[in-house]
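If you want the building blocks of each chain, they are given just below.
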Amino acid sequence: MSTQNINYNDSFLSAFLAPSELESYNPAVAQAEKQLISKTGLGNDFLGWLDLPTKTSRDLVKSITDKAGEVRDKIKDGVLISIGIGGSYLGTKAAIEFCSPSFEELRKPRVLFAGHNINSDYLTDMLELVKDHEVAVNVISKSGTTTEPAIAFRIVREWMEKRYGRKGAAERIVATTDRAKGALRKLAKEEGYAAFEIPDDVGGRFSVLTPVGLFPLAVAGLDVAKLLEGAAGAAAFCNGEDVNKNLAGRYAAIRNILFRKGYTTEVMATFQPQLHFVNEWWKQLSGESEGKNGTGIMPAGLDYTTDLHSLGQWMQDGLRNVFETFMILKKTSKTMTVPKFSDDSDDLNYLAGRSFEDINEKAFQGTVLAHLDGGVPAAVLMLADRSETTLGQLFFFFEKAVALSGYILRVNPFDQPGVEAYKKNMFALLGKAGYEKQAQALSARTKDISI
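Residues numbered from 1 in each chain as written. Predicted model: local features only at pLDDT ≥ 70, side-chain atom pairs only at ≥ 80, totals over all residues. Heavy atoms only, no water.

A few words on the overall build of the protein chain. For the protein chain, the helix and strand inventory stands at 17 helices and 10 strands. On C-alpha atoms alone, the protein chain measures out to a radius of gyration of 23 Å, which is about the 22 Å that the 2.2 N^0.38 rule sets for 451 residues. Projected onto the principal axes, the alpha-carbon positions of the protein chain cover approximately 60 × 60 × 55 Å. Within the protein chain, residue pairs in contact and separated by at least 24 positions form 77% of the contacts whose partners lie at least 6 positions apart. For the protein chain, the computed accessible surface area is about 21,200 Å², with 53% contributed by carbon and sulfur atoms. (Helix = DSSP H or I, 4+ residues; strand = E, 2+ residues; numbered from the N terminus. Rg over C-alpha atoms; globule rule 2.2 N^0.38 Å. Contact = heavy atoms within 4.5 Å. Areas by Shrake-Rupley, 256 points an atom, 1.4 Å probe, with all protein chains shown as cover.)

Take a look at the structure:
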């Protein structure tokens, strides 16, 4: 069993909640845990993510790593374009940023992302960037008809076929899609694309440990077996009905206690830029899972110390409806120390010989104390290092915590009915068949909101 590489310290919250309040949530956590494990709660058709760490077969991992090796051999130091939106790209982006060198230019091969926006400049610039590199594509969509990735794939597919020929392009395109149905599965079969399956019982925002995330991460050079191993380790310490033993349950309970006290926004604050997209992944996971039925904790992310110079004033003295979770990295991959200058013209010799990590730690400690004094409830989530094992634990910890938290809030953490509202309007305004009546009703309302 792997070492526990993440820890949650809520000792700073004593001024905001009493031990008896946390103890009082034990029955709610126990009930939520039972619903998850017995698969009797809301959304129980989408609980396959619970089993991914322990039941993903070695054969599947081997087929993913083998195919990733083929792609790496084909593109060498080139580029994999990963096409997807939401859960089909955020987890992958988060993992690459967390485990890899800080700049794309240092990553070989590079993974670039498309299909998560609707912007001609972005896609044009991307194709210009990769024109002198070997390119492969991973298109990720359960249905194959999600607008943003589908139209991006049309452009990229056309570009690939012009460059490599239809057959050559097909050898460089990998589809990750539904097991048996959908437009992308049909196209993959017709064109001969290699394909991986998205499990029927895993929703998009919980899919990073399926081929959705594992294949592009393997191409990027991450050890996906260790990612799964880490998640399996977290499954062990995020288990059970006691908030003193179930780390995810404890975090979920504290979030809900603070929410019911009027702290309706959770700020996830980091002190390392490599955690920025972990934050972005967590924001989707949390917001899309909990924001329903007029309730839900609003997730927000800040990058310290950078954002202390822009939003630090608000965090210190603004509206007290926020609580703060500091997500902190204990050990960076490298270290630098401040040099000593004989003239000390910048008055910084008092820092000479101290590492950036030491200085950053003091900034973190100073911020926690200042925000506590300013009335912001704060807790700390400590990560051991930037390894795949640690990240696997973190992914599962957050998934389990958000699932439990959703059940405590009495919402279905595994659907997203609100996301469909904008899609229906967009389809009607674009003239998609079957939306004629809605288009007529919307047309007059769009006059004053045209671009």
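This brings us to the packing of helix H4 (residues 58–75) against helix H9 (residues 211–219). Geometrically, a packed helix pair is captured by the angle between its two axes and the distance between the axes. Where H4 meets H9, the closest approach of the two axes is 8 Å, and the angle between their N-to-C directions is 40 degrees. By the angle class used here, H4 and H9 are oblique. Crossing handedness for the pair H4 and H9: right-handed. The segment H4 lies against H9, with Leu60, Ile64, Lys67, Ala68, Val71 and Arg72 engaging Pro211, Leu214, Phe215, Ala218 and Val219. Tallied by class, the residues present in the contact of H4 with H9 amount to nine nonpolar, no polar and two charged. (Axes fitted to C-alpha atoms, helices over the stretch in contact; angles between N-to-C directions. Parallel < 35°, antiparallel > 145°, perpendicular 65-115°, else oblique. Left-handed = near helix turned anticlockwise from the far one by under 90°. Nonpolar A, V, L, I, M, F, W, Y, C, P; charged D, E, K, R; others polar.)

Reading across the sheet, the five strands line up as S3-S2-S4-S5-S6 and stay open at both edges, with parallel pairing between neighbours. The open sheet has two free edges, formed respectively by strand S3 (110–114) and strand S6 (194–198), since each of these has just one partner strand. If you compare each strand with its neighbour and ignore which way they point, the axes differ by 20 degrees on average. Relative to S3, strand S2 (residues 79–83) runs parallel, the two sharing five bridges. Bridged to Ile81 within S3 is Leu112. (Pairing = 2+ DSSP bridges.)

As a further point, take the side chain of Arg386. Assignment of secondary structure puts Arg386 in the loop between strand S10 (378–383) and helix H15 (388–408). One buried charged residue, Arg386, remains without a salt bridge, the closest side chain of opposite sign being Glu97 at 7.3 Å. A polar side-chain atom of Arg386 sits 2.6 Å from the main-chain carbonyl oxygen of Phe98. In terms of polar contacts, Arg386 uses its side chain to reach the backbone carbonyl oxygen of Ser100, at 2.5 Å. Those residues within four positions of Arg386 in sequence are excluded, and the remaining contacts are Glu97, Phe98, Cys99, Ser100, Gln274, Leu329, Lys331 and Ser333. (Buried < 20%, exposed > 50% of the residue type's maximum accessible area, 1.4 Å probe, protein only. Lys, Arg positive; Asp, Glu negative; His and termini not counted. Salt bridge = Lys/Arg side-chain N within 4 Å of Asp/Glu carboxyl O. Polar contact = N/O pair within 3.5 Å; in protein donor to acceptor, adjacent residues only side chain to side chain.)

The sheet built from five strands is open, its strands ordered S1-S10-S9-S7-S8 with mixed pairing. Edge positions in the sheet fall to strand S1 (6–9) and strand S8 (298–303), since each has one partner strand and no second. When the angles between neighbouring strand axes are averaged without regard to direction, this sheet yields 20 degrees.

A word on helix H2 (residues 26–38). Here H2 spans 18 Å end to end across 13 residues, near enough to the 18 Å set by a 1.5 Å rise per residue. Of all the positions in H2, only Asn26, Val29, Ala30, Ala32, Glu33 and Leu36 are classed as buried. Burial along H2 is one-sided: seen end-on, the buried residues are contained in an arc of 165 degrees. With respect to the buried face of H2, the exposed residues turned more than 90 degrees away are Pro27 and Gln31. Lys39 lies just past H2 and shows a positive phi near 55 degrees. (Expected span 1.5 Å × (residues − 1). Arc of directions from axis to C-beta.)

Buried within helix H8 (residues 183–191) are the following residues: Leu184, Arg185, Leu187, Ala188 and Glu191. Summarising the axial view, the buried residues of H8 lie within an arc of 165 degrees, below the 170-degree limit, and thus occupy one face. Away from the buried face of H8 by more than 90 degrees, exposed residues Lys186, Lys189 and Glu190 are located.

So, about the packing of aromatic side chains. Inspection of the entire model under this criterion finds 22 aromatic pairs. Geometrically, the ring pair formed by Phe16 and Tyr263 is edge-to-face, given 6.4 Å between the ring centres and 85 degrees between the ring planes. On the criterion of sequence distance, the pair formed by Phe16 in the loop between S1 and helix H1 (19–24) and Tyr263 in the loop between helix H11 (247–260) and strand S7 (265–270) is long-range, its members being 247 residues apart. The class of Phe16 is buried, set by a relative accessible area of 16%. Residue class for Tyr263 comes out buried when judged on its relative accessible area of 14%. Residues Phe206 and Phe414 carry aromatic rings whose centres are separated by 5.4 Å and whose planes lie at 55 degrees to one another, so their mutual orientation is tilted. Separated by 208 residues along the polypeptide, Phe206 in the loop between S6 and H9 and Phe414 in the loop between H15 and helix H16 (419–429) bring together distant segments of the chain. (Phe/Tyr/Trp six-rings, centres within 6.5 Å; stacked < 30°, edge-to-face > 60°.)

Purely geometric stuff here, so don't read any function into it on its own.
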